[in-house]
Amino acid sequence: MKTPVTSKTIIYIDMDDTLCDYQTSHDAAKVKQPEINYPQSQEGFFLNLPPYEGAVDTVRWLIEQPELQVLLLTAPSVLNPHCYTEKRVWVERHFGLEHCHRLIISAYKGLSRGDYLIDDKTSGFGQEDFQGTLIHYGSSAFPNWPAVKMYFDKLITATLHPVQYES
Ligand SMILES: [Mg+2]
């Protein structure tokens, strides 16, 4: 029998349009420079994506929970080689160098073993094959980061820290 990698609950978190606002930056760039067909191919695009409100604080809070193992799981923009470096620098900029080891750049999220995947997409990069629970960021159930935090707060209280009743 194989030894489990960790006894912690593993949470993967997507970056583009989950942690950071890709779409607004993309649309703004198209207005500013309409001659550039793919703004996401430009150097600096991924580095300068703004985090969503509450995203960084909530991820920091998740990281602090001793029952959780938090990893960032992002698909690359393969045609833009800068994105691989910029995603790594983005994590350092917003979370600090010590958290860069959490970053996994993967074109196929279905192979990652874990309990939860927080992602704005339900398919396309292997999300459809993820064996854990998909937290669909941006859906009516999880429209923003406070909703995500509330979900995990309840989960930790109810499941990971079950109430002990005296018999
Ligand atoms: Mg995404």
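What you are looking at is a predicted structure, and each value in this text was computed from that prediction instead of being measured.

Engineer: How would you sum up the nonpolar core? Please name residues and give values.
Structural biologist: I13, L19, I118, W145 and F152 are the most contacted members of the largest nonpolar core, which totals 33 residues. Those elements giving two or more residues to this core turn out to be β1 (9-13), α2 (55-64), β2 (68-74), α3 (82-95), β4 (116-119) and α4 (145-160). What I118 contacts, discounting residues up to four positions off in sequence, is I11, Y12, I13, D14, T18, I135, Y137, W145, V148 and F152. Core analysis: the second largest hydrophobic core is formed by six residues, I10, L71, L117 and F130 among them.

Engineer: Break down the sheet that holds strand β3 (residues 103-105) for me, citing the residues and quoting the values.
Structural biologist: Read from one edge of the open sheet, five strands run β3-β2-β1-β4-β5, paired in parallel fashion. Two strands close off the open sheet at either side, each with one partner strand: β3 and β5 (133-136). Ignoring which end each strand starts from, the neighbouring axes of this sheet average 25° apart.

Engineer: Can you break down the coordination of the magnesium ion residue by residue, with the values?
Structural biologist: Taken together, the protein ligands of the magnesium ion are D14 (OD), D16 (O) and D120 (OD), with distances of 2.1 to 2.2 Å. Along the chain, the residues that donate to the magnesium ion are spaced as D-x1-D-x103-D. Separated by 106 residues along the polypeptide, D14 in the loop between β1 and α1 (22-32) and D120 in the loop between β4 and β5 bring together distant segments of the chain. Of the two residues, D14 and D120, neither departs from the other in class, the shared state being buried.

Engineer: Break down the side chain of D14 for me, with residues and values.
Structural biologist: Overall, the relative accessible area of 5% leaves D14 in the buried class. For D14, the side chain forms a polar contact with the side chain of T18, separated by 2.8 Å. Discounting chain neighbours no more than four positions away, the residues touching D14 are L19, L73, T74, K109, I118, D119 and D120.

Engineer: Tell me what's going on with the side chain of N80, and back it up with residues and numbers.
Structural biologist: By the element assignment, N80 lies in the loop between β2 and α3. A polar contact is formed between the side chain of N80 and the backbone nitrogen of H82, at a distance of 2.9 Å. Other than its neighbours up to four places away in sequence, N80 contacts Q40, S41, Q42 and F46.

Engineer: How would you summarise unusual backbone geometry if you had to cite specific residues and measurements?
Structural biologist: Residues other than glycine seldom take positive phi values, yet D17 does so here, at roughly 65°. On the secondary structure map, D17 appears in the loop between β1 and α1.

What counts and how
- Residues numbered from 1 in each chain as written.
- Predicted model: local features only at pLDDT ≥ 70, side-chain atom pairs only at ≥ 80, totals over all residues.
- Heavy atoms only, no water.
- Core = buried A, V, L, I, M, F, W, Y, C linked by side-chain atoms within 4.5 Å.
- Buried < 20%, exposed > 50% of the residue type's maximum accessible area, 1.4 Å probe, protein only.
- Helix = DSSP H or I, 4+ residues; strand = E, 2+ residues; numbered from the N terminus.
- Contact = heavy atoms within 4.5 Å.
- Pairing = 2+ DSSP bridges.
- Axes fitted to C-alpha atoms, helices over the stretch in contact; angles between N-to-C directions.
- Donors = N, O, S within 2.8 Å, 3.2 Å for Na, K, Ca; no water.
- Polar contact = N/O pair within 3.5 Å; in protein donor to acceptor, adjacent residues only side chain to side chain.

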